[in-house]
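The primary structure of each chain is shown beneath.
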Amino acid sequence: MSATQTRSITRVLNGERLWPPPIWMMRQAGRYLPEYRATRALKPDFLQFCYETELAVEVTLQPIRRYGFDAAILFSDIFVVPDALGYPVRFEEGRGPVLEPLTHDLVAKLDQARTKEHLAPVIETLRRLRQELPQETSLLGFCGAPWTVACYSVAGHTTPDQVAARVGAYRDPELMQAFIDALVTASIDYLCRQLDAGAEAVQIFDTWAGVLDEEGFRRWSIEPTARIVAGVKARVPDAKVIGFPKNSAARLKDYIAGTGVDAVGLDWTVPVGLAREIQKIVPVQGNLDPMRLVAGGAALDEGVDQVLDALGDGPLIFNLGHGVTPEVDPENVKRMIDRVRARA
Ligand code: CP3
């Protein structure tokens, strides 16, 4: 039996219930850790930091060393894909990602051929990680869902409720479709390469799926994700894909049926009863409110217990309902992990 088959994350993704559940945390390599901030200071340009294999390996390993999470997630960002295609992307200090506003001209210039070389350092990061990680630790890859990546390109930056992206998609759906199509093609190739390089499963982050209306959700979230899942599985038949359509509780069943993902990440707003129904269809991941990790103390303990009580009887990967935030005290992360594992 290969090591992969015995790793806890894969066992849960195959439908097994493990107790205690395996645990990792979205954005686990990040600014709440002093060692991350120290490494990050070596490269002020965030995208360059993502392409620096040695530094990316180092920050991916930091939360594994400190906490012994059951999975490491590749350190990178969702915007390396448009960047690799030649779409103008940059990160501004204190403002986050800034993308050039979407135009037909920019989409016409996207170049699939340049992604292979451009993303090679990220693929190398995965290869190195698989060598350096403890045998029992899973390695996860990821990409942004096309809609979430596209959201930042319409306004040029993030806006509340993605008003600009939604208006843009109604005014010029052909333009949105052309950009999404390019992202689908590039994401399939990127995820397959991640799996070839040693990723055991991949997660598709659709942080902004929840702002769409019903038709939009089908066209901009489900359809492109379904094409990515099918494209990846056509090349890597045993690939495991976790979908994370945030703020989409009412549409999770449609999303699972429509996309073919193997598991879903639940955000913290998903009601317990619904989460249990979802878990009868596919393994679930989640869903502690990241603000309980900020608050700490009894609020954190109660939140951990609520997730375990709600979902502990079925296939569960313990996680947050969204990424950990910079103000979190690293001691609270330890407290969360200890509490999950103490329930064994
Ligand atoms: O989870 C991990 O530890 C792996 C690394 C990872 C990052 N971004 C590193 C990062 C992952 C999986 C992401 C995904 C990502 N990036 C998403 C989807 C998930 C989510 O959180 O909603 C999105 C929407 C982005 C885009 C993005 N990257 C934004 C909006 C920002 C700025 C806001 C912020 O948190 O600073 C980033 C920057 C970013 N990506 C940082 C990290 C650690 C912080 C930048 C820094 O160190 O200066």
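Model, not experiment: these values are computed from the prediction.

Brief notes about the site of the ligand
Around the ligand sit 22 residues, and of these Ala29, Gly30, Gly96, Phe205 and Thr207 come closest. Counting residues per element, the ones that place at least two in the shell around the ligand are strand E3 (96–99) and strand E4 (138–144).

Side note on unusual backbone geometry
Cis rather than trans, the peptide bond between Trp19 and Pro20 has omega equal to 0°. Relative to the helices and strands, Pro20 is located in the loop between helix H2 (8–13) and helix H3 (34–40). The omega torsion of the bond from Gly286 to Asn287 falls at -20°, within 30 degrees of zero and hence cis. By the element assignment, Asn287 lies in strand E8 (residues 284–288).

A few points about the UniProt feature "site: Transition state stabilizer" (unreviewed entry) in the protein chain
Per the UniProt annotation, the sites labelled "site: Transition state stabilizer" (unreviewed entry) are Asp77. Structurally, Asp77 is set in the loop between strand E1 (71–73) and helix H6 (80–85). Looking at Asp77, the number of C-beta atoms within 10 Å reads 17, which means it is partly exposed.

Here's the deal with the packing of helix H17 (residues 297–311) against helix H18 (residues 330–342)
Each pair of packed helices can be described by the angle between their axes along with the distance between the axes. Where H17 contacts H18, the two axes come as close as 10 Å, and the packing angle between them is 35°. Here H17 runs over H18; the crossing is right-handed. Within the contact between the two elements, H17 uses Leu300, Asp301, Val304 and Leu308 and H18 uses Asn332, Arg335, Met336, Arg339 and Val340. Split by residue class, the contact of H17 with H18 holds five nonpolar, one polar and three charged.

Regarding the pairing of strand E9 (residues 316–320)
For E9, a buried count of five out of five residues is recorded, marking the element as mostly surrounded by other parts of the structure. Side chains Leu316, Phe318 and Leu320 project from E9 onto one buried face, and the interleaved Ile317 and Asn319 project onto a second face that is buried too. Sheet topology places E8 next to E9; five bridges connect them, and they run parallel. For Asn287, the partnering residue across the bridge sits in E9 and is Asn319.

Digging into the UniProt feature "domain: Uroporphyrinogen decarboxylase (URO-D)" (unreviewed entry) in the protein chain
Feature annotation in UniProt assigns "domain: Uroporphyrinogen decarboxylase (URO-D)" (unreviewed entry) to the following positions: residues 22–31 and 140–156. Taken end to end, residues 22–31 is 0% helix and 0% strand, and its first and last C-alpha atoms sit 23 Å apart. In residues 140–156, the share of helix is 53% and the share of strand is 29%. The end C-alpha atoms are 29 Å apart.

What to know about the packing of helix H10 (residues 146–154) against helix H11 (residues 163–171)
Running from N to C, H10 and H11 point in directions that differ by 95°, and their axes come no closer than 8 Å. By the angle between their directions, the pair H10 and H11 is classed as roughly perpendicular. Contacts between H10 and H11 pair Ala150, Cys151 and Val154 from the former with Ala164, Ala165 and Gly168 from the latter. Residues that form the contact of H10 with H11 fall into these classes: five nonpolar, one polar and no charged.

Structural notes on the sheet that holds strand E5 (residues 201–206)
Here we have seven strands laid out as an open sheet, ordered E1-E4-E5-E6-E7-E8-E9, and parallel in their pairing. This sheet does not close on itself; its edge strands, each paired only once, are E1 and E9. Ignoring strand direction, the axes of neighbouring strands in this sheet form an average angle of 25°.

Remarks on helix H5 (residues 53–67)
Taking 1.5 Å per residue, 15 residues should reach 21 Å; H5 reaches 22 Å between its end C-alpha atoms and fits that length. Of all bends in H5, the biggest is about 30°, found at Leu61, and the proline Pro63 comes one to four residues later. Along H5, the residues that are buried comprise Ala56, Val57, Val59, Thr60, Leu61, Gln62, Pro63 and Ile64. Of the surrounding elements, those touching the buried residues of H5 are H3, helix H4 (46–51), E1 and helix H9 (120–132). Directly beyond the C-terminal end of H5, a positive phi value near 65° is found at Gly68.

What counts, and at which threshold
- Along every chain, residues carry numbers that run from 1 in the direction the sequence is written.
- Owing to the predicted nature of the model, reporting of local features is limited to residues with pLDDT of at least 70; listing and counting of side-chain atom pairs is limited to 80 or more, with chain, interface and lining totals taken over all residues.
- Placing a C-beta atom from the backbone of each residue, we mark the residue near a molecule or strand if the atom is within 6 Å of it.
- Strands here mean DSSP runs of E at least two residues long; helices mean DSSP runs of H or I at least four residues long; both are numbered from the N terminus.
- UniProt positions are given in the numbering used here, feature names are shortened, and annotations may be inferred rather than shown by experiment.
- Buried residues are those with 20 or more other C-beta atoms within 10 Å of their own C-beta, exposed residues have 12 or fewer, and partly exposed residues lie in between; C-beta atoms are placed from the backbone.
- Fitting a line to C-alpha atoms yields each axis, with helices limited to the stretch in contact; the angle taken between N-to-C directions then spans 0 to 180 degrees.
- Take the far helix as the reference: if the near one is turned anticlockwise from it by less than a right angle, the crossing is left-handed, and if turned clockwise, right-handed.
- What counts as a contact here is a pair of residues whose C-beta atoms, placed from the backbone, lie within 7 Å.
- Lys, Arg, Asp and Glu make up the charged group, whereas Ala, Val, Leu, Ile, Met, Phe, Trp, Tyr, Cys and Pro make up the nonpolar group; the residues left over, Gly among them, are polar.
- Strands pair, by our definition, only if DSSP identifies at least two bridges between them.
- Roughly parallel means an angle under 35 degrees; roughly antiparallel means over 145; roughly perpendicular covers 65 to 115; every other angle is labelled oblique.
- Here, expected helix span is obtained from the residue count minus one, scaled by 1.5 Å.
- One axis is fitted to the seven residues ending at the residue and one to the seven starting there. The bend at that residue is the angle between these axes.

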